Amino acid sequence: MQRAITLAQSVLSAGPNPRVGCIVVRDGEIVGEGFHEKPGEAHAEAIALLAAGERARGATAYVSLEPCAHMGRTPPCSEALIQAGVAEVVYAGVDPNPQVSGQGLQRLREAGVRVRGPVLAEEADALNRGFLKRMRQGLPWVRCKMAMSLDGRTAMASGESKWITGDAARADVQLMRASSCAVVTGVNTILSDNPGLNVRPEQLDEEQAALIGDRQPMRVVLDSSLRTPPDSRLIGLPGEVLFLTGQPHPQQRARYQGSRADIREVALQPGGRLDLRAAMACLAQDYECNEVMLEAGPTLSGAMVQAGLVDEVVIYIGARFLGSDALPLFHLPGINRMQDHIALEITGVRQIADDCCITARLKHLG
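As named in an unreviewed UniProt entry, the protein chain is Riboflavin biosynthesis protein RibD, taken from Pseudohongiella acticola. According to the UniProt record, the Function (unreviewed entry) comment for the protein chain reads "Converts 2,5-diamino-6-(ribosylamino)-4(3h)-pyrimidinone 5'-phosphate into 5-amino-6-(ribosylamino)-2,4(1h,3h)-pyrimidinedione 5'-phosphate."

Laid out in structure tokens, this is it:
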């Protein structure tokens, strides 16, 4: 099972599908293995069975997620395992998708295939936190990425922020973007920085660039009144662009005619701000986003944290001081007493060249 999970880990993103790996074992030998790379292509089980051929008959298949039982873009994997004549299927976790959940395992049992599991469920679930959350809660897994100085500042008072961290840390961000279904920012970041928010393989080594290929996540701007200039960089770059907005005037919409941008209205809160929960639900339910990367300024990032919509923060720390007049990491108003603090659990600390990266989960997850 560990090998199946390792295969699944090699996939940056299979969104909207989960990351899945599979191996077929006969007489103690791996005779076939595979992983699901992207929608529309063969699932892990089908690839592993094809590699195993006739040796799959009477073998044991180890799968990092319950085999599907419904016809999607590809045939049901449970049927493929039955037709191949495997004697046993060992699974890591049950698929929470209502079209699958438990049905794939039941179909195998009905066909006389031995079924065992769950095995290494926690490790397998960690691969698909976004998929699991989308299926269970109708929301994506949101990872907030920030870069700060050692004194906790993200930009000079003027807004100047290039560059707090070095080349290696910025290359690491490219991999994180490529593993995301969408990269989200706010209109104020667009107006101040005009970012592309695209994956740039030229910043990576050859092996990493080959892994990414031409993958570009959807770029999403939260813009309640469509103030984003039509000639903004992110609109002109390859890939999907989405504006989540309120109820803009038709003349505002008309400015984007002929561009690649999609415009979707979501609910507004009192005061005219976007309802952030409705925006995230839209990404999960209408655009099937499993994992979302938030790259925004302290105001939007802080609002997302306080709304309970951020699951994980990834903070890159540059070894420099920017001074007390520089901008803070998050804008988090209303925290006046120690008991009001927002608790996190640090899950990883890495040194990346001269910089450091801290990963932490928000404890509202329980």
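Now that the structure has been shown, the text picks up again.
Caption draft 1: How the structure looks around the side chain of Asn290. With respect to the helices and strands, Asn290 occurs in the loop between α12 (276-285) and β12 (291-294). Looking at Asn290, its side chain comes within polar contact range of the main-chain oxygen of Asn17, at 3.4 Å. Residue contacts for Asn290: discarding those within four places in its chain leaves Gly15, Pro16, Asn17, Gly130, Phe131, Arg134, Pro140, Trp141 and Cys181.

Caption draft 2: Fine view of helix α4 (residues 103-110). Taken together, the buried positions of α4 are Gly104, Leu105 and Leu108. Looking straight down α4, one finds that the buried residues subtend no more than 100° of arc, so they occupy a single side. Against the buried residues of α4 lie α3 (77-84), β4 (88-91) and β5 (114-116).

Caption draft 3: Region of interest: the UniProt feature "binding site: substrate" (unreviewed entry) in the protein chain. UniProt's feature table lists "binding site: substrate" (unreviewed entry) at Ser161, Arg177, Leu197, Arg200 and Glu295, given in the numbering used throughout. Within the secondary structure, Leu197 is located in the loop between α8 (187-193) and α9 (206-212). Among all residues touching Leu197, those that are not within four sequence positions of it are Arg177, Val183, Thr185, Arg219, Leu234 and Glu295. Given the relative accessible area of 9%, Glu295 is considered buried. Not counting residues up to four positions away in its chain, the partners in contact with Glu295 are Lys145, Val173, Arg177, Val183, Val184, Thr185 and Leu197. In terms of polar contacts, Glu295 uses its side chain to reach the side chain of Lys145, at 3.3 Å.

The rules behind the values
Residues numbered from 1 in each chain as written. Predicted model: local features only at pLDDT ≥ 70, side-chain atom pairs only at ≥ 80, totals over all residues. Heavy atoms only, no water. UniProt positions renumbered as here; feature names shortened; annotations may be inferred. Helix = DSSP H or I, 4+ residues; strand = E, 2+ residues; numbered from the N terminus. Polar contact = N/O pair within 3.5 Å; in protein donor to acceptor, adjacent residues only side chain to side chain. Contact = heavy atoms within 4.5 Å. Buried < 20%, exposed > 50% of the residue type's maximum accessible area, 1.4 Å probe, protein only. Arc of directions from axis to C-beta.

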